[in-house]
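Breakdown of the fold
Each chain is listed here by its residues.
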There are 2 protein chains.
Amino acid sequence: MDNNSVILVCALQLFSQKGYNAVGVQEIVDAAGITKPTLYHYFGSKRGLLDSLLAEYMTGFFRVIEPAAEYDGDITNTLNKITFAYFNYAQKHKQFYRLALSSWFAPPDSEVFNAILPYMQRQQKLMEGIFLNAAKQHGNMKNRHEVYAYAFLGMINTYIGIALNGVTKIDDNTVYRVVHHYMHGIFS
Amino acid sequence: MDNNSVILVCALQLFSQKGYNAVGVQEIVDAAGITKPTLYHYFGSKRGLLDSLLAEYMTGFFRVIEPAAEYDGDITNTLNKITFAYFNYAQKHKQFYRLALSSWFAPPDSEVFNAILPYMQRQQKLMEGIFLNAAKQHGNMKNRHEVYAYAFLGMINTYIGIALNGVTKIDDNTVYRVVHHYMHGIFS
DNA sequence: TTTAAAATATACCATACGGTATAGTCATTG
DNA sequence: CAATGACTATACCGTATGGTATATTTTAAA
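Right, let's talk about the pattern of salt bridges for a bit. Residues and elements named next belong to chain A. The tally for this structure, following the rule as stated, stands at 10 salt bridges over all chains. Where Glu66 meets Arg122, a salt bridge forms, and the shortest distance between an N and an O atom there is 3.1 Å. Placement of Glu66 in helix α4 (residues 46–68) and of Arg122 in helix α7 (residues 111–135) is noted, with a sequence separation of 56 residues between them. A relative accessible area of 28% places Glu66 in the partly exposed class. Its relative accessible area of 39% is what places Arg122 among the partly exposed residues. Here Lys125 and Glu128 are joined by a salt bridge, their closest N and O atoms 3.6 Å apart. On the criterion of helical spacing, the pair formed by Lys125 and Glu128 is a turn pair, its members being three residues apart in helix α7.

Here you go:
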């Protein structure tokens, strides 16, 4: 593996575990077995490293999410597809999803929040598109697409958080239950 | 207002806006119009300041939450009470709730996460108690209380997040809708 | 085989960090 | 009045921070 990739791997591990601000550049290059100038040659700055890291993983993330988020006429089925895609990616890239979640909830003037903001807005728009389409068939959804999208993403991330913290596991049955809960509540 | 309180107010403002690690002690004392020895006299360390801050607000928080979380025989009604208590406190102390949310989702080895962990576990236990009680009347809830509690807290925090980010507002109607969504799904 | 560019190391910079030793100030109390 | 203890300012400590000037090695093309 070339140094560029080694740095990304080590940085992801450290950032997701201790937080961006608590990790020094020296710590990263030590973990990667290189020296500072090498890191600065590839990424220009610590912030540049964070941006590259997010760009790298988010590209693969949206490549999975966006096809899954095409409304197929059945809202339940569509939400199942998306949820499965999210769970799948989060499970395959736990460290990255941890970093993404912590960045999304980070303080508004923090670097990590501003670094991840555009990617989160893109997800939000993607979800809103689904509920806008669904509203054509389900009139009571009208003008609520923004909150629906936000709440659905929140629910997905809640369950991914449960899984990442080891409270429960993610399997096909979990996906069904989460969407069913979102659609029909806790009892049915 | 005495210096102790001024420091707490300034620290909360800065921590919630920029993040604990991104705020220096010097920045806090400048904002408070004092000098470092004063801060260290009252709080001993930067971490001690964070702990005092959380203890201060969490005391008031649980004084509101815990009475609201007493199961009254009707699960829907109980969840309404709790949700109202949460929304009410979050709205009254937006900066604190922002800090709490970002700390809860912070990386596992970060200081803020470990500082807030016990308070979050206390909330989790509180919620589990409700669902354990409700399971006596609703058999299908059995052995799910852990996940139910986590998911309910996740949903509450999702909607508080929506409100804190200005997407929607929190009023009595929102409380009803959130609990209704949790209990009966998106359509009904 | 020369040459140029990409990649990497040594050693360093200015600054900011969390924290403290010392010297008071000031109100309360005996 | 004397003295005590809570409180606060000046000035400083060692260390770690993000970042870089310079020099050297490696790689690949001409």
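Inspection of every chain in the model, using the stated rule, returns 27 aromatic pairs over all chains. Ring plane angle 85° and centroid distance 6.2 Å describe the contact between B:Tyr89 and B:Phe96, whose orientation is recorded as edge-to-face. The structure contains a cluster of three or more aromatic residues connected by ring pairs, namely A:Tyr57, A:Phe61, A:Phe62, A:Tyr86, A:Tyr89, A:Phe96 and A:Tyr97. The residue whose ring lies beneath B:Arg122 is B:Phe62, and the NZ or CZ to ring-centre distance is 3.8 Å.

Moving on to the domain arrangement of chain A. Residue and element names in this part refer to chain A. In terms of domain boundaries, chain A breaks down into domain 1 (1–44) and domain 2 (51–184). A straight line from the C-alpha centre of domain 1 to that of domain 2 covers 28 Å. The interface of domain 1 with domain 2 comprises nine residues on the first partner and 10 residues on the second. Carbon and sulfur atoms supply 73% of the area buried between domain 1 and domain 2, which totals about 870 Å² over both sides. In terms of surface lost to domain 2, no three residues of domain 1 exceed Leu8, Leu12 and Tyr20, which account for 57% of the buried area on that side. Where domain 1 meets domain 2, there are zero salt bridges. Our enumeration of links across domain 1 and domain 2 arrives at zero residue pairs in polar contact (both at pLDDT 80 or more). No other element matches helix α1 (residues 3–18), which puts six residues into the side of domain 1 that touches domain 2. Looking at the side of domain 1 that touches domain 2 residue by residue, the class counts come to six nonpolar, three polar and no charged.

What counts, and where the lines are drawn
Residues numbered from 1 in each chain as written. Chains lettered and ligands numbered in written order. Predicted model: local features only at pLDDT ≥ 70, side-chain atom pairs only at ≥ 80, totals over all residues. Heavy atoms only, no water. Salt bridge = Lys/Arg side-chain N within 4 Å of Asp/Glu carboxyl O. Helix = DSSP H or I, 4+ residues; strand = E, 2+ residues; numbered from the N terminus. Buried < 20%, exposed > 50% of the residue type's maximum accessible area, 1.4 Å probe, protein only. Phe/Tyr/Trp six-rings, centres within 6.5 Å; stacked < 30°, edge-to-face > 60°. Lys NZ or Arg CZ within 6 Å of the ring centre and 35° of its normal. Domains from an automatic or database assignment. Contact = heavy atoms within 4.5 Å. Buried area = accessible area lost by both parts, 1.4 Å probe. Polar contact = N/O pair within 3.5 Å; in protein donor to acceptor, adjacent residues only side chain to side chain. Nonpolar A, V, L, I, M, F, W, Y, C, P; charged D, E, K, R; others polar.

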